[in-house]
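Listed below, chain by chain, are the residues.
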Amino acid sequence: MQSPATISVIVPVYNAEKTLRRCIESICASTYPHLEIICVNDGSTDRSGQILAEMAQRDSRIVVINQANAGVSAARNAALVAATGEYVTGVDSDDYIDADLYRMVMACFAPEIDAVAYAIADEFEVPPQEPHQPLYRMEPYSGAVPVTEEVISNMHPLFWARVWRRSLVEAHRVRFPEGARFEDAEFFWKAAVHCRNIYFLQRKLYHYWQHANSFMGGQLSGNANLEPMLNVERRLCAYYRENRLWEKWKPLFVHGLVKHCASSKHYFPVAEHEAVQRAYYNLALELGLPHELPGDFALSTLKPATGWRRLFFTNIPNTRVYRFLGISLFYKSYRDGKVTTGRFRHIRQLLSNLRHR
């Protein structure tokens with residue numbers, strides 16, 4: 001009989017003694033036992049290394065890699081090199097998973113499926129005092145779905161909320177950018193475009209732990225925080241061009257650029273929104289995108305810091321909606337080498353001219 005497929009679970013660890021044991025124990029308790037749990041101790045100065053050594057003695061599936069502190073990307077890349085499983089995924093050291101997660105995921109895989117995505121449950125160290133919108137909403141698909149521009153743009157750009165076919169990751173040399181931020185997004189946008197089909201498992205089986213110092217819950221400010229976001233776009237553009245993906249996926253990249261411009265402003269003070277928008281404007285020119293893009297309606301009106309506009313424009317991107325509004329972002333616009341005229345374009349252009357006088 002053929003041996004069951006193994007999932008390599010990557011856990012980067014840095015000073016995580018408060019939550020590490022819960023994280024690893026949740027993985028070890030999986031009802032799918034065929035796991036390789038690769039824990040990379042990234043130069044921790046607390047008891048994380050000792051906890052990992054103790055747990056590895058009790059469970060032979062745990063592999064511990066100790067390295068000098070080099071960041072989460074370097075830790076994950078070291079684990080990818082060491083991984084031997086047919087599939088690969090991740091769990092952050094302050095998160096934890098349901099016992100049935102990997103058993104249910106493996107039931108979804110088939111020869112034509114390259115990744116399985118699952119939903120995320122928000123968990124809080126300090127419960128919010130007011131009702132909150134989930135940080136990662138349920139993705140709007142179910143079952144096996146062919147990968148298209150629209151599907152990828154509707155997904156959260158995460159590494160750890162998916163199980164990936166490792167041969168795909170290795171064949172296309174997908175790695176995390178070392179010494180950079182927003183590493184999950186970059187990995188996702190490089191790996192997802194190589195998938196044929198993704199299976200969406202609509203169950204909240206991954207528990208995302210938010211504590212007082214969680215990055216996603218904070219406010220950003222200044223160029224030191226904005227420039228890493230722009231650098232992700234630069235590296236993605238270079239990757240697509242170097243790997244002959246640009247012609248097929250340029251519409252996705254353009255859509256993503258505008259969407260990221262809109263969603264990035266959510267994390268910056270209102271007083272800095274204009275600077276954020278101008279930075280994305282200049283980036284679009286730098287990357288050689290059509291001149292119509294930076295001056296288009298989208299970059300001057302997508303300002304959804306709060307309220308319905310953020311929900312509508314950044315979480316429910318829809319081809320028909322954009323076309324109806326005449327926002328020339330993707331699909332036929334650039335695939336045919338020209339910008340769609342769309343409705344209201346002349347009125348918008350007139351208003352834009354008046355505004356800039």
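Heads up: the structure comes first, above all this text.
In this report, we go over the structure that sits alongside the text. Bear in mind the structure is a predicted one, so any value in this text is a computation, not a measurement. (Residues numbered from 1 in each chain as written. Predicted model: local features only at pLDDT ≥ 70, side-chain atom pairs only at ≥ 80, totals over all residues. Heavy atoms only, no water.)

### Here we look at the packing of helix 3 (residues 72-82) against helix 7 (residues 183-191)
Direction vectors running N to C along helix 3 and helix 7 enclose 40 degrees, while the axes themselves pass 10 Å from each other. With respect to helix 7, the axis of helix 3 lies oblique. Contacts from Val72, Ser73, Arg76 and Leu80 in helix 3 reach Glu183, Asp184 and Phe187 in helix 7. Looking at the contact of helix 3 with helix 7 residue by residue, the class counts come to three nonpolar, one polar and three charged. (Axes fitted to C-alpha atoms, helices over the stretch in contact; angles between N-to-C directions. Helix = DSSP H or I, 4+ residues; strand = E, 2+ residues; numbered from the N terminus. Parallel < 35°, antiparallel > 145°, perpendicular 65-115°, else oblique. Contact = heavy atoms within 4.5 Å. Nonpolar A, V, L, I, M, F, W, Y, C, P; charged D, E, K, R; others polar.)

### Brief notes about the side chain of Ser30
Mapped onto the fold, Ser30 is located in the loop between helix 1 (20-28) and strand 2 (35-42). Engagement of the side chain of Ser30 in a polar contact is seen with the backbone oxygen of Tyr32, the distance being 3.0 Å. If near-sequence neighbours (up to four positions away) are discounted, Ser30 is found in contact with Leu35, Ala99 and Tyr102. (Polar contact = N/O pair within 3.5 Å; in protein donor to acceptor, adjacent residues only side chain to side chain.)

### Brief notes about the pairing of strand 8 (residues 162-165)
Residues of strand 8 alternate between two faces, with Arg162 and Trp164 on one and Val163 and Arg165 on the opposite face, all of them buried. Bridge count for strand 4 (residues 87-90) against strand 8 is two bridges, and the pairing is antiparallel. Within the sheet, the bridge partner assigned to Tyr87 lies in strand 8 and is Arg165. Bridge count for strand 6 (residues 115-124) against strand 8 is three bridges, and the pairing is antiparallel. (Buried < 20%, exposed > 50% of the residue type's maximum accessible area, 1.4 Å probe, protein only. Pairing = 2+ DSSP bridges.)

### A short note on the packing of helix 9 (residues 246-264) against helix 10 (residues 273-286)
Orientation of helix 9 relative to helix 10, taken along the N-to-C sense of each, is 165 degrees, at an axis distance of 9 Å. Between helix 9 and helix 10, the angle falls in the class roughly antiparallel. Read as a crossing pair, helix 9 and helix 10 show a hand that is right-handed. Contacts between helix 9 and helix 10 involve Leu257, His260, Cys261 and Ser264 from the former and Val276, Gln277, Tyr280, Leu283 and Ala284 from the latter. (Left-handed = near helix turned anticlockwise from the far one by under 90°.)

### Regarding the environment of Thr45
Here Thr45 lies in the loop between strand 2 and helix 2 (48-58). The class of Thr45 is exposed, set by a relative accessible area of 66%. Spatially, the C-alpha atom of Thr45 lies 6.2 Å from that of Asn15, the residues being 30 residues apart in sequence.

### Let's talk about unusual backbone geometry
At Arg173, a residue that is not glycine, the phi angle is positive and equals roughly 55 degrees. Here Arg173 lies in the loop between helix 6 (166-171) and helix 7. Residue Phe182 is not a glycine yet carries a positive backbone phi of 60 degrees. Among the secondary structure elements, Phe182 is positioned in the loop between helix 6 and helix 7.

### Regarding the state of the cysteines
Following the criterion strictly, the structure yields zero disulfides and no others. Counting only cysteine sulfurs, Cys39 is the nearest neighbor of Cys28, a cysteine outside any disulfide, at a range of 7.9 Å. (Disulfide = S-S within 2.5 Å.)

### Examining the environment of Gln277
Its location among the elements puts Gln277 in helix 10. By relative accessible area, Gln277 is classed as buried at 16%. Remark: the alpha-carbon pair of Gln277 and Ser264, spanning 13 residues in sequence, is separated by 9.2 Å.

### Remarks on helix 1
For helix 1, the complete set of buried residues consists of Leu20, Cys23, Ile24, Ser26, Ile27 and Cys28. The inward-facing, buried residues of helix 1 contact strand 1 (7-13), strand 2, helix 2, strand 3 (62-67), strand 5 (96-97) and helix 4 (101-108).

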